Amino acid sequence: MGLYVDIKKKLPGFSLNVCFEAEIDTMGLLGASGSGKSMTLRCIAGIETPDSGKIILNGRVLYDSAKGINLPCRKRKIGFLFQNYALFPNMTVEENIRFGLGDLKLGEQLRKVDEMISMVHLEGLEKRYPSQLSGGQQQRVALARALAIDPEALLLDEPFSALDEHLRNNLLKQLSETLSNYRGVTLFVTHNMEEAYRISKELVVLSSGKLEAKGEKEVIFTRPPTIETAQLTGCRNFSSIKHLSPFEIEALDWGIKLKVNHECRGDSQYVGIRSHHIDLAEDNDTENVFKCWAGFTSETPFRQTVYLSVEKKLLNSGAYHLQWEISKEKWDKIKDMPQPWHLKLSPEKLILIR
Ligand SMILES: Nc1ncnc2c1ncn2[C@@H]1O[C@H](COP(=O)(O)OP(=O)(O)OP(=O)(O)O)[C@@H](O)[C@H]1O
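Quick caveat: nothing in here was measured; it's all calculated off a predicted structure. (Residues numbered from 1 in each chain as written. Predicted model: local features only at pLDDT ≥ 70, side-chain atom pairs only at ≥ 80, totals over all residues.)

J.: Whenever I open this one, the overall build of the chain confuses me. Can you help?
T.: Scanning the chain from N- to C-terminus turns up nine helices and 21 strands. Taken along the three principal axes of its C-alpha coordinates, the chain extends 75 × 50 × 35 Å. The proportion of buried residues among the 354 residues of the chain is 37%. Of the contacts formed within the chain by residues at least 6 apart in sequence, a portion of 64% connects residues at least 24 apart. (Helix = DSSP H or I, 4+ residues; strand = E, 2+ residues; numbered from the N terminus. Buried ≥ 20, exposed ≤ 12 C-beta atoms within 10 Å, placed from the backbone. Contact = placed C-beta atoms within 7 Å.)

The following block contains the structure:
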């Protein structure tokens, strides 16, 4: 049981070619803007038709180019929450939620609308029009409409992109609760790695219409297999490498030799390290310790990003080798320490990437 997708579609200047399976659970679809996330959802929902391939939901064939099968949207039993919610502006909240329930008797429709209204906590707003609702309320109406048809799969296309940070956090929690009671496949599309991590167990990573990685989120975040996946999961430091021995590489862009703690396979082309995984070396540290000079810095309310150079002469050129992210408290303690600083790129924190 679950959703199987294997589709190809060519558009001017863009080719989609994805194959993955999603179980009865929430799977995140992570990708940069334009990577083909929405197109994938639209093909699954039946809004777009692939050029070839298969889409199977709980054993039902929704699309099979070889057999000429292509079920229309309304027969797919799929709920779709669009990026801009796509509510009907001339319909009230309850009319919007009732929209897809035409096959049910009137009493059933009204019972279902009541159930959905209380599920997404919209009591009292039934007679309002979308223009009289906040962004967060509109999102919940769209979610209620998508779930009202008892879909076998729920497709959520960047449901938080239009919301402010506070509302996003509240709704993320609410959505997680709603999804924990939903017994179907959920595909959650986002370009935000934190959202993807918080809401899903498994991830599919897309780049330029192709699948870069799929599997458990912890594995993908710990060992991103490709440079695109590493970037999408928040890694900011990369260097091309030369293999010196099975457990030693030279990071060519950083001009340093590094020990690694798993055998460096021939297909690894880059090394990466997350900016918060760089650390000050302890006195007794010798391995993977380098002299660094701090160039410019940038700050968020609680974190400081320090741009580091392994060569003093680069400092005034604006070029840098590594980004180091630390708490403000730590920054306050070290910022006046004489430079160069001795920093450590621990072997267990280094990511080897294809
Ligand atoms: N109807 C269309 N005709 C031609 N090209 C299209 C069409 N729809 C989408 N595309 C192209 O397909 C590519 C993928 O678009 P898609 O909307 O799936 O990206 P996305 O990953 O969802 O991006 P975003 O996060 O910005 O929404 C883009 O290059 C886009 O310009």
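J.: How do you make sense of the pairing of strand β2 (residues 14-22) when you look at a structure like this?
T.: As a general feature of sheets, a regular strand has side chains that alternate between the two faces. Sheet analysis places strand β1 (residues 3-11) next to β2, joined by nine bridges and oriented antiparallel. Looking at β2, one finds that Lys 8 is bridged to Asn 17. (Pairing = 2+ DSSP bridges.)

J.: Would you take a moment to explain the domain arrangement of the chain for this structure?
T.: Domain parsing of the chain yields domain 1 (3-223) and domain 2 (237-353). The straight-line distance from the C-alpha centre of domain 1 to that of domain 2 is 40 Å. (Domains from an automatic or database assignment.)

J.: What am I meant to see in helix α4 (residues 135-148) here?
T.: Three or four residues apart is the spacing at which side chains of an α-helix point the same way, because the helix has 3.6 residues per turn. Helix length check: α4, at 14 residues, gives a terminal C-alpha distance of 20 Å against a target of 20 Å (1.5 Å per residue), a fit within 8%. Within α4, eleven of the 14 residues are buried, leaving the element largely enclosed by the surrounding structure. Within the sequence span of α4, burial applies to Gln 138, Gln 139, Arg 140, Val 141, Ala 142, Leu 143, Ala 144, Arg 145, Ala 146, Leu 147 and Ala 148. Where α4 is buried, its residues touch β7 (78-81), α2 (93-98), α3 (106-119), β8 (153-157) and α5 (165-180). After α4 finishes, the residue Asp 150 shows a positive phi value of roughly 50 degrees. (Expected span 1.5 Å × (residues − 1).)

J.: Which parts of the structure should I look at to understand the packing of α4 against α5?
T.: For any two helices packed against each other, one specifies the crossing angle of their axes together with the interaxial distance. Their axes nearest at 11 Å, the elements α4 and α5 cross at an angle of 20 degrees. The angle between α4 and α5 places the two elements in the roughly parallel class. For the pair α4 and α5, the sense of crossing is right-handed. Here α4 contributes Gly 135, Gly 136, Gln 139 and Leu 143 to the contact with α5, which in turn contributes Leu 167, Leu 171 and Thr 178. (Axes fitted to C-alpha atoms, helices over the stretch in contact; angles between N-to-C directions. Parallel < 35°, antiparallel > 145°, perpendicular 65-115°, else oblique. Left-handed = near helix turned anticlockwise from the far one by under 90°.)

J.: For this particular structure, what's the right way to read the environment of Arg 183?
T.: Along the chain, Arg 183 turns up in the loop between α5 and β9 (185-190). Separated by 25 residues in the primary sequence, Arg 183 and Ser 208 place their C-alpha atoms 31 Å from one another.

J.: Is there a simple way to think about the nonpolar core in this case?
T.: If you look at soluble globular proteins, the nonpolar side chains tend to sit buried side by side. One finds Leu 29, Ile 44, Met 116, Ala 144, Leu 155, Leu 187 and Val 205 to be the most contacted residues of the largest nonpolar core, which totals 58 residues. Among the elements that take part in this core, α4 stands out by supplying seven residues, more than any other. Excluding anything up to four places from it in sequence, Met 116 contacts Ile 97, Ala 144, Leu 147 and Ala 148. (Core = buried A, V, L, I, M, F, W, Y, C linked by C-beta atoms within 7 Å.)

J.: Just to check I follow, could you spell out the site of the ligand for this structure?
T.: Close to the ligand lie Leu 11, Pro 12, Phe 14, Gly 31, Ser 33, Gly 34, Ser 35, Gly 36, Lys 37, Ser 38, Met 39 and His 191, which account for all nearby residues. The element that contributes the greatest number of residues to the shell around the ligand is helix α1 (residues 37-45), accounting for three residues. Classifying every residue of the shell around the ligand gives four nonpolar, seven polar and one charged. (Near = placed C-beta within 6 Å. Nonpolar A, V, L, I, M, F, W, Y, C, P; charged D, E, K, R; others polar.)

J.: Looking at this model, I keep getting lost on the UniProt feature "domain: ABC transporter" (unreviewed entry) in the chain. Mind explaining?
T.: As recorded in UniProt, the feature "domain: ABC transporter" (unreviewed entry) lies at residues 2-233. Between the first and last C-alpha atoms of residues 2-233 the distance is 26 Å; the span itself is 34% helix and 28% strand. (UniProt positions renumbered as here; feature names shortened; annotations may be inferred.)

J.: Before we go on, may I ask you to explain the pairing of strand β18 (residues 303-309) in this structure?
T.: When strand β17 (residues 289-299) meets β18, the two strands line up antiparallel, connected through five bridges. From the neighbouring strand, Thr 297 faces β18, where its bridge partner is Val 306. The antiparallel hairpin formed by β17 and β18 contains three residues in its connecting segment. Summarising the sheet, β18 and strand β19 (residues 322-327) pair through six bridges and their orientation is antiparallel. Bridge pairing links Leu 308 to Leu 322 in β19.

J.: I'm lost on the sheet that holds strand β16 (residues 279-280) in this one. Help?
T.: Read across the open sheet, the five strands follow the order β16-β20-β17-β18-β19; overall the sheet is antiparallel. Looking at the sheet topology across the chains shown, the edges are occupied by β16 and β19.

J.: Explain the packing of α3 against α4 to me, please; I cannot follow it from the model alone.
T.: Where α3 meets α4, the axes come as close as 9 Å, and the angle between the chain directions of the two elements is 135 degrees. Considered as vectors, α3 and α4 are oriented oblique to each other. Crossing geometry of α3 relative to α4 is assigned as right-handed. Two secondary-structure elements touch here, α3 through Lys 112, Met 116, Ile 117 and Met 119 and α4 through Ala 144, Leu 147 and Ala 148. Split into classes, the residues belonging to the contact of α3 with α4 amount to six nonpolar, no polar and one charged.

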